[in-house]
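Structure assessment
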Amino acid sequence: MGGPSSEHDVSLATGKNVVRALESLGHEVTGVYVAQSGNWFLGTARGVAYDPQSVCGRFDVMFNALHGEYGEDGRVQQIFEQNRVPYTGSGVAASALAINKVISREIFKNAGLTIPRAVVIRRDEFNSQHLKDIHQMSAPPWVVKPASRGSSVGVSIVMTFEELAKALEHAFTLDTLALVEEHIAGREITCGVLEDFDGKKHYALHPVEIIPPEGRFFDYEVKYNGATQEIPAPFFGEMLRLVQTAAVLAHTALGLRHYSRTDMIIKGTKAYVLETNTLPGLTSESLFPKAASWTKLEFPQLCEHLLKLAIS
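Described below are features of the structure shown in this document. (Residues numbered from 1 in each chain as written. Predicted model: local features only at pLDDT ≥ 70, side-chain atom pairs only at ≥ 80, totals over all residues. Heavy atoms only, no water.)

**Examining the overall build of the protein**
A tally of regular secondary structure across the protein gives 11 helices and 12 strands. Relative to a compact globule of 312 residues, whose C-alpha radius of gyration would be 20 Å, the protein shows 19 Å and is just as compact. Summarising its shape, the C-alpha atoms of the protein cover approximately 55 × 45 × 35 Å along the three principal directions. Every one of the 312 residues in the protein was classed for burial, and the buried ones make up 55%. Considering only contacts in the protein between residues 6 or more positions apart, those separated by 24 or more positions represent 62%. Carbon and sulfur atoms provide 50% of the accessible area of the protein, an area that totals close to 14,000 Å². Where the 29 positive side-chain charges of the protein centre and where its 35 negative ones centre are 3 Å apart. (Helix = DSSP H or I, 4+ residues; strand = E, 2+ residues; numbered from the N terminus. Rg over C-alpha atoms; globule rule 2.2 N^0.38 Å. Buried < 20%, exposed > 50% of the residue type's maximum accessible area, 1.4 Å probe, protein only. Contact = heavy atoms within 4.5 Å. Areas by Shrake-Rupley, 256 points an atom, 1.4 Å probe, with all protein chains shown as cover. Lys, Arg positive; Asp, Glu negative; His and termini not counted. Charge placed at Lys NZ, Arg CZ, Asp CG, Glu CD.)

This is the structure we're talking about:
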């Protein structure tokens with residue numbers, strides 16, 4: 001838990017939640033704290049940094065509660081692979097593909113999923129042609145996001161070219177690539193996928209509808225301060241099948257394993273896929289465990305199920 005990412009604090013909240021849950025079931029759990037410097041520490045002690053190889057050699061399985069870059073982009077997965085220790089979540093290549101919004105968009109598109117239109121811009125190459133492309137793509141508002149960040153870090157919704165330039169400047173402090181997407185006005189939905197559950201290889205949880213406070217979008221702050229309403233999406237029949245099928249298709253197209261959560265916007269009869277999270281948050285405010293609880297899969301049992309998937 002922790003890690004040298006912009007989601008360090010969220011990861012700590014996930015990690016502490018998982019430790020409590022697994023201990024409540026009788027497992028022997030040691031928290032591994034990864035500092036923002038990248039150093040690894042055992043338990044709460046911050047005195048002696050350990051070599052990742054020696055840490056991996058101590059345990060039967062690693063529960064990966066790192067979010068964002070390093071923990072979710074294939075780098076820590078590579079450490080686990082090199083040390084032959086089982087770990088929860090997706091593998092090296094799938095993690096690297098999924099965290100990159102530019103690449104994952106192409107994979108979604110090739111799989112037949114619907115995605116918003118977008119203009120991809122590289123840092124130091126932003127020019128007037130990009131403005132023309134954005135203008136031709138759609139009328140404002142536009143959504144600006146860094147290519148490889150989660151938890152809505154660095155995301156802005158803008159109305160003017162002046163705001164657009166500022167939002168890109170901010171996005172480029174986090175990544176060398178940014179996307180400017182058309183804004184799809186619709187219902188914000190997320191749908192989790194859990195493997196080998198209830199007799200299904202890929203079990204789609206019931207979708208969650210996300211209703212941020214009036215005048216806000218689902219940004220980093222309202223994701224974790226409890227101000228957002230998160231309710232079972234009132235979908236049945238064909239619409240429910242559409243959303244759950246899209247979540248499973250996104251999961252399999254990216255080559256993910258164990259679990260994931262795909263964010264979408266529903267407009268009319270279309271589900272626009274935005275991105276897929278390979279390590280969904282497991283904090284007290286997180287959406288994946290909330291949806292799992294609606295299927296009577298309580299948090300400790302969810303964590304244990306993920307452990308068993310890693311070991312098997």
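Now that the structure is up, let's keep going.
**Considerations on the environment of E214**
By the secondary structure assignment, E214 is in the loop between strand 9 (208–211) and helix 8 (220–224). The exposed category is assigned to E214, whose relative accessible area is 81%. Separated by 14 residues in the primary sequence, E214 and T228 place their C-alpha atoms 9.5 Å from one another.

**Examining helix 9 (residues 237–253)**
With 17 residues, helix 9 should reach 24 Å at 1.5 Å per residue; the first-to-last C-alpha distance of 24 Å fits that figure. Looking at the buried side of helix 9, the elements it contacts are helix 5 (101–110), strand 7 (187–197), strand 8 (200–204), strand 11 (259–267) and strand 12 (270–277). Count one or two residues on from helix 9 and you reach G255, which has phi positive near 75 degrees. (Expected span 1.5 Å × (residues − 1).)

**Considering helix 6 (residues 128–137)**
Every buried residue belonging to helix 6 is among H130, I134 and M137, and all of these are buried. Summarising the axial view, the buried residues of helix 6 lie within an arc of 60 degrees, below the 170-degree limit, and thus occupy one face. Facing away from the buried side of helix 6 by over 90 degrees, the exposed positions are H135 and Q136. Structurally, helix 6 contributes buried residues whose contacts are with strand 3 (118–122), strand 4 (142–146), helix 7 (161–171) and strand 6 (177–182). Looking at where helix 6 begins, the residue whose side-chain oxygen comes 2.9 Å from the main-chain nitrogen of Q129 is N127. (Arc of directions from axis to C-beta. Polar contact = N/O pair within 3.5 Å; in protein donor to acceptor, adjacent residues only side chain to side chain.)

**Some points on the packing of aromatic side chains**
Scanning the entire structure with this criterion turns up five aromatic pairs. Measuring from ring centre to ring centre gives 5.3 Å for W142 and F161, while their planes differ by 20 degrees; the resulting arrangement is stacked. With W142 in strand 4 and F161 in helix 7, the pair connects residues that are 19 residues apart, well separated along the chain. Take W142: its relative accessible area is 2%, and that puts it in the buried class. (Phe/Tyr/Trp six-rings, centres within 6.5 Å; stacked < 30°, edge-to-face > 60°.)

**Some words on unusual backbone geometry**
Of the consecutive residues P140 and P141, the connecting peptide bond is found in the cis state with omega at 5 degrees. With respect to the element layout, P141 can be found in the loop between helix 6 and strand 4. Look at D198: it is not a glycine, yet its phi comes out positive at around 55 degrees. One can find D198 in the loop between strand 7 and strand 8.

**Structural notes on the sheet that holds strand 6**
The strands making up a sheet are joined through hydrogen bonds of the backbone, oriented either antiparallel or parallel. Strands sit in the order 3-6-4-5 across an open sheet of four strands; the sheet is antiparallel. Strands at the two margins of the open sheet, each flanked by one partner only, are strand 3 and strand 5 (156–158). Shown here is a sheet whose adjacent strand axes are inclined to one another by a mean of 25 degrees, direction ignored. Note that strand 4 and strand 6 share five bridges and pair antiparallel. (Pairing = 2+ DSSP bridges. Axes fitted to C-alpha atoms, helices over the stretch in contact; angles between N-to-C directions.)

**Focus: the nonpolar core**
Counting 26 residues, the largest nonpolar core has F63, L194 and L302 as the members making the most contacts within it. Of all the secondary structure elements, the ones that give two or more residues to this core are helix 1 (8–24), strand 7, strand 9, helix 10 (287–294) and helix 11 (299–311). When near neighbours in sequence (up to four residues on either side) are disregarded, L194 contacts K201, H202, Y203, H258, Y259, F288, L297, L302, H305 and L306. Among the nonpolar cores identified, the runner-up in size contains 24 residues, and L240, A247, L256 and M264 belong to it. (Core = buried A, V, L, I, M, F, W, Y, C linked by side-chain atoms within 4.5 Å.)

**As for the pairing of strand 9**
Relative to strand 9, strand 7 is paired through three bridges, and the arrangement is antiparallel. Its bridge partner being in strand 9, T190 is matched across the sheet by V208. Judged from the four bridges that link them, strand 9 and strand 10 (residues 229–232) form a sheet pairing that is antiparallel. When the bridges of strand 10 are listed, V208 appears paired with P232.

**Here's the deal with the packing of helix 1 against helix 11**
As a packed pair, helix 1 and helix 11 sit with axes 8 Å apart at the nearest point and diverge in direction by 90 degrees. Between helix 1 and helix 11, the crossing angle belongs to the class labelled roughly perpendicular. Contacts between helix 1 and helix 11 involve N17, V18, A21, L22 and S24 from the former and F299, P300, C303, E304 and L307 from the latter. Partitioning the contact of helix 1 with helix 11 into residue classes produces seven nonpolar, two polar and one charged. (Parallel < 35°, antiparallel > 145°, perpendicular 65-115°, else oblique. Nonpolar A, V, L, I, M, F, W, Y, C, P; charged D, E, K, R; others polar.)

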